[in-house]
Amino acid sequence: MSSVRALIGTRKGAFILTADGARERWDISGPHFAGWEIYHLKGSPAHPARIYASQTSGWFGQLVQRSEDGGKTWEAAGNDFRYDGVPGTHMWYDGTQHPWEFKRVWHLEPAPADPDTVYAGAEDAALFKTSDGGRTWQELPGLRTAKGHLWQPGAGGMCLHTIILHPERPERIFVAISAAGAFRSDDGAQTWTPVNRGLKSPYELPDPDAEVGHCVHRIAMHPSRPDVLFMQKHWDVLRTDNAGELWHEVSGDLPSDFGFPIDVHTHEPDTIYVVPIKSDSEHFPPDGKLRVYRSRTGGNEWEALTRGLPQRDCYVNVLRDAMAVDSLEPCGVYFGTTGGQVYVSADSGDTWNPIVRDLPAVLSVEVQTLS
Amino acid sequence: MIRVVLPYHLRTLARVEGEVQLAVEGPATLRAVLDALEARYPVLRGMIRDRATLCRRPFVRFYACRQDLSHEPTETKLPEQVVSSAEPLLIIGAMAGG
């Protein structure tokens with residue numbers, strides 16, 4: 001029988017939640033790396049027992065941990081993240097140039113076919129790669145030549161938080177950076193093009209044609225339709241049908257189009273999920289009601305999913321990497337909150353249940369479907 | 001032998017309990033002790049000082065004999081009580097936040 005394993009990164013450690021395919025009874029293990037910030041964990045699609053974790057601390061810096069047994073035991077892998085050559089500078093808050101400084105890894109993306117190859121998205125924004133299972137890391141410096149001198153950190157830091165590997169063309173990679181925008185490489189990360197046409201950020205960017213500087217919060221793709229991408233921007237939910245050449249807004253009737261995560265249903269490429277947040281000044285749900293919104297039309301027309309979610313006095317946030325889907329039938333949808341709740345819907349979002357209510361603030365959620 | 005007390009999280013990473021005792025060749029400077037510590041516990045590389053510059057991480061402090069050695073040049077010889085094992089070198093995660 002199938003089972004699922006949810007990998008939860010929090011401000012104070014990692015937790016691993018497991019259940020059978022019914023997704024009703026959950027075992028919870030953790031905290032792993034107690035007291036450390038675990039920005040992200042992700043398993044290898046090629047070897048699901050291999051899990052990578054980004055372990056970080058304001059005191060002691062960055063580690064990458066690796067498990068070979070589905071998260072039961074861990075070994076520290078390499079932690080030498082050095083920018084290629086002279087790091088150069090990017091835009092600072094006061095308009096001056098500021099040197100690139102490595103702070104942490106926000107996102108780990110194992111390659112589909114090779115468990116030893118992993119991409120890492122860093123703050124200050126850069127893309128790193130390992131080909132030896134995390135022992136050594138090399139920067140892919142072409143990305144920072146895509147107008148990197150104009151990139152500027154947002155309030156959360158200048159982080160590379162999204163890495164999407166094309167399911168059939170390994171040379172095509174998408175990344176997203178706050179607050180620089182979305183970028184695409186068609187030659188295996190050697191060269192990069194900003195793909196931000198159609199994004200409008202009038203409050204943050206006075207130049208309507210700005211190629212970079214957009215505060216992209218998250219991008220999602222369905223593997224069956226890799227030219228279609230969905231984006232949750234600082235404000236606005238957007239869609240592209242041509243691999244980022246042009247985006248158009250699909251916020252439609254959302255109560256707020258500010259938010260962080262966005263994800264796509266495993267079996268329905270036009271069914272997408274967002275969690276509207278009131279505003280960039282008030283990082284909590286509108287009206288104190290925690291509602292996931294689902295569009296079955298690829299955007300514009302949205303329905304509120306409320307059953308099982310708190311509909312009063314709820315003031316948590318859902319961060320950009322804290323939503324995931326499994327590949328069971330029906331599709332399971334998961335998200336974690338800054339209040340430490342992890343919710344699951346085993347019916348594509350119609351009803352929700354908390355798996356656990358009192359974890360530290362959740363930074364990331366990933367789900368592995370195991371057979 | 002130089003006695004070194006690591007902060008909790010670094011003891012966990014290095015999988016040690018209590019103090020660490022290190023043999024240091026040559027002058028017992030802070031740098032020599034950190035070199036010996038990282039040689040024995042490679043997982044600590046980059047955790048106490050920057051891998052490239054060898055500069056102390058901002059929220060790590062070095063104390064010994066009721067002195068703060070954090071701002072001393074790393075080539076400075078450690079206090080005699082530390083060299084003689086009478087006192088440990090304390091590596092501290094600084095108070096930060098609320």
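Chemist: For the overall build of chain B, give the residues involved together with the corresponding values.
Modeler: Within chain B, the regular secondary structure consists of three helices and five strands. A globule of 98 residues ought to have a C-alpha radius of gyration of about 13 Å, and chain B, at 12 Å, matches this closely. When each of the 98 residues of chain B is scored for burial, the buried share is 24%. Put simply, 54% of the contacts in chain B that link residues at least 6 apart link residues at least 24 apart.

Chemist: Residue-level account of the overall build of chain A, with values.
Modeler: Regarding its fold elements, chain A presents zero helices and 30 strands. Along the longest, intermediate and shortest principal axes, the C-alpha atoms of chain A span 50 × 45 × 40 Å. Relative to its 371 residues, chain A shows a buried fraction of 54%. Within chain A, counting contacts between residues at least 6 apart in sequence, those at least 24 apart form 50% of the total.

Chemist: So what's going on with the interface of chain A and chain B? Which residues, and what values?
Modeler: Counting from both sides, the interface comprises eleven residues of chain A and, opposite them, 13 residues of chain B. Class assignment of the residues belonging to the side of chain A that touches chain B gives a composition of four nonpolar, five polar and two charged.

Chemist: I'd like a description of the environment of Pro276(A), backed by residues and values.
Modeler: Residue and element names in this part refer to chain A. Note on placement: Pro276 falls in the loop between strand S23 (272-274) and strand S24 (292-295). Sequence separation of Pro276 and Asp69 is 207 residues, and the distance between their C-alpha atoms is 36 Å. If sequence neighbours within four positions are ignored, Pro276 has contacts with Leu254, Pro255, Ser256, Asp257, Phe258, Gly259, Pro285, Pro286, Arg291 and Tyr293.

Chemist: Describe the sheet that holds strand S4 (residues 67-68) of chain B, with residues and values.
Modeler: Residue and element names in this part refer to chain B. Reading across the sheet, the five strands line up as S2-S1-S5-S3-S4 and stay open at both edges, with mixed pairing between neighbours. Either end of the sheet is taken by a strand with one partner, and the two such strands are strand S2 (20-22) and S4. Against the sheet, helix H2 (residues 30-40) contacts strand S1 (2-5), S2, strand S3 (60-64) and strand S5 (89-93), and its axis sits at roughly 115 degrees relative to S2.

Chemist: Describe the sheet that holds strand S4 (residues 37-43) of chain A, with residues and values.
Modeler: Residue and element names in this part refer to chain A. As summarised here, the arrangement of the four strands in space is S4-S5-S6-S7, forming an open sheet in which the pairing is antiparallel. Looking at the sheet topology across the chains shown, the edges are occupied by S4 and strand S7 (75-76). In this sheet, strand S5 (residues 51-57) lies alongside S4 in antiparallel orientation, the contact comprising six bridges. By the bridge assignment for S5, Lys42 is matched with Tyr52.

Chemist: Describe the environment of Met91(A), naming the residues involved and giving the relevant values.
Modeler: All names here are of chain A. Structurally, Met91 is set in strand S8 (residues 89-91). Met91 gets classed as buried once you count the C-beta atoms within 10 Å, which come to 21. Separated by 47 residues in sequence, Met91 and Ser44 place their C-alpha atoms 35 Å apart. Beyond its immediate stretch of four places on either side in the chain, Met91 contacts Gln97, His149, Leu150, Trp151 and Gln152.

Chemist: Describe the pairing of S5(B), listing the residues and the values that go with them.
Modeler: Residues and elements named next belong to chain B. Where S1 and S5 come together, two bridges link them in parallel fashion. By the bridge assignment for S5, Val5 is matched with Leu90. As paired elements, S3 and S5 share four bridges and run antiparallel to each other. Counted as the bridge partner of Tyr63 is Leu90 from S5.

Chemist: Before we move on, could you go through unusual backbone geometry and cite the residues and values that matter?
Modeler: Residues and elements named next belong to chain A. With an omega dihedral of 0 degrees, the bond running from Gly30 to Pro31 counts as a cis peptide bond. Tracing the backbone through its elements, the reader meets Pro31 in strand S3 (residues 27-32). Cis geometry is found at the peptide bond from Ser178 to Ala179, where omega equals 0 degrees. Within the element layout of this structure, Ala179 appears in the loop between strand S15 (173-178) and strand S16 (181-185).

Chemist: Describe H2(B), and please don't skip the residues or the numbers.
Modeler: Residues and elements named next belong to chain B. Inspection of H2 places Leu30, Val33, Leu34 and Leu37 among the buried residues, and these make up the whole buried set. Looking straight down H2, one finds that the buried residues subtend no more than 95 degrees of arc, so they occupy a single side. Close packing links the buried residues of H2 with S1, S2, S3 and S5.

Chemist: An account of the pairing of strand S1 (residues 3-10) of chain A is requested, with residue identities and associated values reported.
Modeler: Residues and elements named next belong to chain A. Among the eight residues that make up S1, seven are buried, leaving the element largely enclosed by the rest of the structure. Relative to strand S2 (residues 13-20), S1 runs antiparallel, the two sharing eight bridges. Residue pairing for S2: Gly9 is matched across the bridge by Ala14.

Chemist: Which residues make up the confidence of the model for chain B, and what values go with them?
Modeler: Of the residues in chain B, 98% reach a pLDDT of 70 or more, and the chain-wide mean stands at 95. In the model output, the complex is listed with pTM 0.97 alongside ipTM 0.94.

Chemist: Now, about the environment of Ala111(A): what can you tell me, with residues and values included?
Modeler: Residues and elements named next belong to chain A. Among the secondary structure elements, Ala111 is positioned in the loop between strand S10 (104-110) and strand S11 (118-123). The partly exposed category is assigned to Ala111, around which 18 C-beta atoms lie within 10 Å. If near-sequence neighbours (up to four positions away) are discounted, Ala111 is found in contact with Thr117, Val118 and Leu165.

Analysis parameters
- Residues numbered from 1 in each chain as written.
- Chains lettered and ligands numbered in written order.
- Predicted model: local features only at pLDDT ≥ 70, side-chain atom pairs only at ≥ 80, totals over all residues.
- Helix = DSSP H or I, 4+ residues; strand = E, 2+ residues; numbered from the N terminus.
- Rg over C-alpha atoms; globule rule 2.2 N^0.38 Å.
- Buried ≥ 20, exposed ≤ 12 C-beta atoms within 10 Å, placed from the backbone.
- Contact = placed C-beta atoms within 7 Å.
- Nonpolar A, V, L, I, M, F, W, Y, C, P; charged D, E, K, R; others polar.
- Pairing = 2+ DSSP bridges.
- Axes fitted to C-alpha atoms, helices over the stretch in contact; angles between N-to-C directions.
- Arc of directions from axis to C-beta.
- pLDDT = per-residue confidence, 0-100.

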